[in-house]
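# Analysis of the macromolecular model
For reference, the chains in residue letters:
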Amino acid sequence: MQAEYLHQYLPLVASTGLVLSPEQRATLQVSLEIVKKNYKFSRVYFWGKILGLTADYFIVIGVETDELRGRKSLYSLNCMDWKLLPPATDEMIERSMRVKGRFMGDPSHEYDTIAVKKSDEEMASLELKVKEEERLTATIEQINREAAIVPRGAFIKTPLEQIHKNRSFGGLSVTEAGKLQSYLHFTEPVILKKKSQLVQANLEDSIDFLNSLEDDELKVFWSLQYERGSKLVILQSLLWLGFNFFHVPETSQYGSIYMGLGERNIDFPFMI
Ligand SMILES: *[C@@H]1O[C@H](CO)[C@@H](O)[C@H](O)[C@H]1NC(C)=O
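Let me begin by describing the structure that accompanies this report. If you're wondering where the values come from, they're calculated on a predicted model, not measured in any experiment.

### Details of the pairing of strand S13 (residues 243-247)
Of all the five residues making up S13, five are buried; the element is thus mostly covered by neighbouring parts of the structure. Side chains Phe243, Phe245 and His247 project from S13 onto one buried face, and the interleaved Asn244 and Phe246 project onto a second face that is buried too. Pairing of strand S12 (residues 232-237) with S13 involves four bridges; the strand directions are antiparallel. Looking across to S13, one finds that Ile234 is bridged to Phe246. The turn joining S12 and S13, which pair antiparallel and follow one another in sequence, is formed by five residues; a positive phi near 110 degrees is taken by Gly242. By the bridge criterion, five bridges tie S13 to strand S14 (residues 254-260) in an arrangement that is antiparallel. From the neighbouring strand, His247 faces S14, where its bridge partner is Tyr254. The loop that links S13 with its antiparallel partner S14 comprises six residues; one of these, Glu250, has a positive phi angle of about 65 degrees.

This is the structure:
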């Protein structure tokens, strides 16, 4: 959720148990302004937190002009001092997936895992070290790929193929807001739809450059419900427990937050 609106937006997901202490909120409000200035971000989002055994990681995302491709993640253990995370590569994600169990809360902690390599004649076990910081960036990226969503129409693709916020976005109607097809994965599409399919399905090139949850093979892993009459829609990921998205229909208010253990609920075959 956009950092400036943290105070306004957090209560909307509070019913799901996701909360920050008043001290944390106050500290974040000040320190995220500083992050925005220091890194020259055009926007800063509070992404959420990953709970560790001895400490929790607070995560923010900063963006420059392209909201999707220019994303940088930073973490902090005290909401005050932020450190830039290296971008997660597919290889890092694959290595990190082998690590099971809770995060420690110590970025320099090294996990020992075993990678089993099968060749024609023999099985070889390789010892593999994974640093917690690497696991952290890999986990954030994976949650972004599988759970980060936006309402349809909230972002546009410019003629220069940049992804920008739609400044005139006025929100989904109450009816649209109740359908999974109205929400798009905010990540590089895995399978790009062909132009002819776009026309057939009555979709638009400049809006539907992202995949909707409706075409999701994991769509059973979303729970959508109306709250406060129908003034608020909450989508929860059952794959990444602790990932909540909200939208206030007919307004430009939406956002998401993750607060959880950083462990996928079910070990699905790795999707890229
Ligand atoms: C931008 O938002 C407006 C108002 O909600 C909507 O009518 C329009 O289709 C959106 N544009 C794109 C390209 O998504």
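### Some thoughts on the packing of aromatic side chains
Throughout the structure, instances matching the rule amount to ten aromatic pairs. An angle of 80 degrees between the planes, with centres 5.6 Å apart, marks the rings of Tyr57 and Tyr75 as edge-to-face. Taken as a pair, Tyr57 in strand S2 (residues 57-63) and Tyr75 in strand S3 (residues 72-76) lie far apart in primary sequence, 18 residues in all. By the burial criterion, Tyr57 is buried, and Tyr75 matches it. Each residue in the set Tyr5, Tyr9 and Phe246 is aromatic and connected to the rest through ring pairs, giving one cluster.

### Regarding helix H4 (residues 132-147)
Between its terminal C-alpha atoms H4 stretches 21 Å, which fits the 22 Å expected from 16 residues at 1.5 Å a residue. Burial of H4 is extensive: 14 of the 16 residues sit out of reach of the surface.

### What to know about the nonpolar core
Leu136 and Tyr183 are the most contacted members of the largest nonpolar core, which has 44 residues in total. Those elements giving two or more residues to this core turn out to be strand S1 (43-50), S2, H4, strand S7 (149-151), strand S10 (183-185), S12, S13 and S14. If you look at the next biggest cluster of nonpolar residues, it comprises 26 residues, including Leu18, Val35, Phe58 and Met259.

### As for the pattern of salt bridges
The full count for this structure, using the stated rule, is 13 salt bridges. Between Lys129 and Asp112 there is a salt bridge, with the nearest N and O atoms lying 2.6 Å from each other. One end of the pair, Lys129, is in strand S6 (residues 123-131); the other, Asp112, is in strand S5 (residues 110-118), with 17 residues separating them in the sequence. Note that Glu146 and Arg264 form a salt bridge whose closest N and O atoms lie 2.5 Å from each other. Separated by 118 residues along the polypeptide, Glu146 in helix H4 and Arg264 in the segment after S14 bring together distant segments of the chain. Among the residues examined, Glu146 registers a relative accessible area of 6% and is labelled buried. According to the relative accessible area criterion, Arg264 is buried, its value standing at 11%. The network of salt bridges with shared partners includes Asp90, Glu141 and Arg145.

Rules used in this analysis
In this convention, every chain numbers its residues from 1, walking through the sequence in written order. Residues qualify for local features only when their pLDDT is at least 70, as the model is predicted, and side-chain atom pairs are given and counted only at 80 or more; totals for whole chains, interfaces and linings, by contrast, use all residues. Excluding hydrogens and water, the side-chain figures rest on all heavy atoms present in the structure. The buried label goes to any residue with under 20% of its type's maximum accessible area, the exposed label to any with over 50%, and the partly exposed label to all in between, with areas taken from a 1.4 Å probe on protein chains only. In this text, helices come from DSSP runs of H or I with a minimum length of four residues, and strands from runs of E with a minimum of two, each type numbered from the N-terminal end. Strand pairing is defined by DSSP finding a minimum of two bridges between the two strands. Centres within 6.5 Å are what make two rings of Phe, Tyr or Trp a pair, Trp counting through its six-membered ring; a difference in plane orientation under 30 degrees is then read as stacked, over 60 as edge-to-face, and the rest as tilted. To estimate the expected span of a helix, count its residues, drop one, and scale the result by 1.5 Å. Side-chain atoms within 4.5 Å are what join buried Ala, Val, Leu, Ile, Met, Phe, Trp, Tyr and Cys residues into a set we call a nonpolar core. Basic side-chain nitrogens of Lys or Arg form a salt bridge, by our definition, when they fall within 4 Å of a carboxyl oxygen of Asp or Glu.

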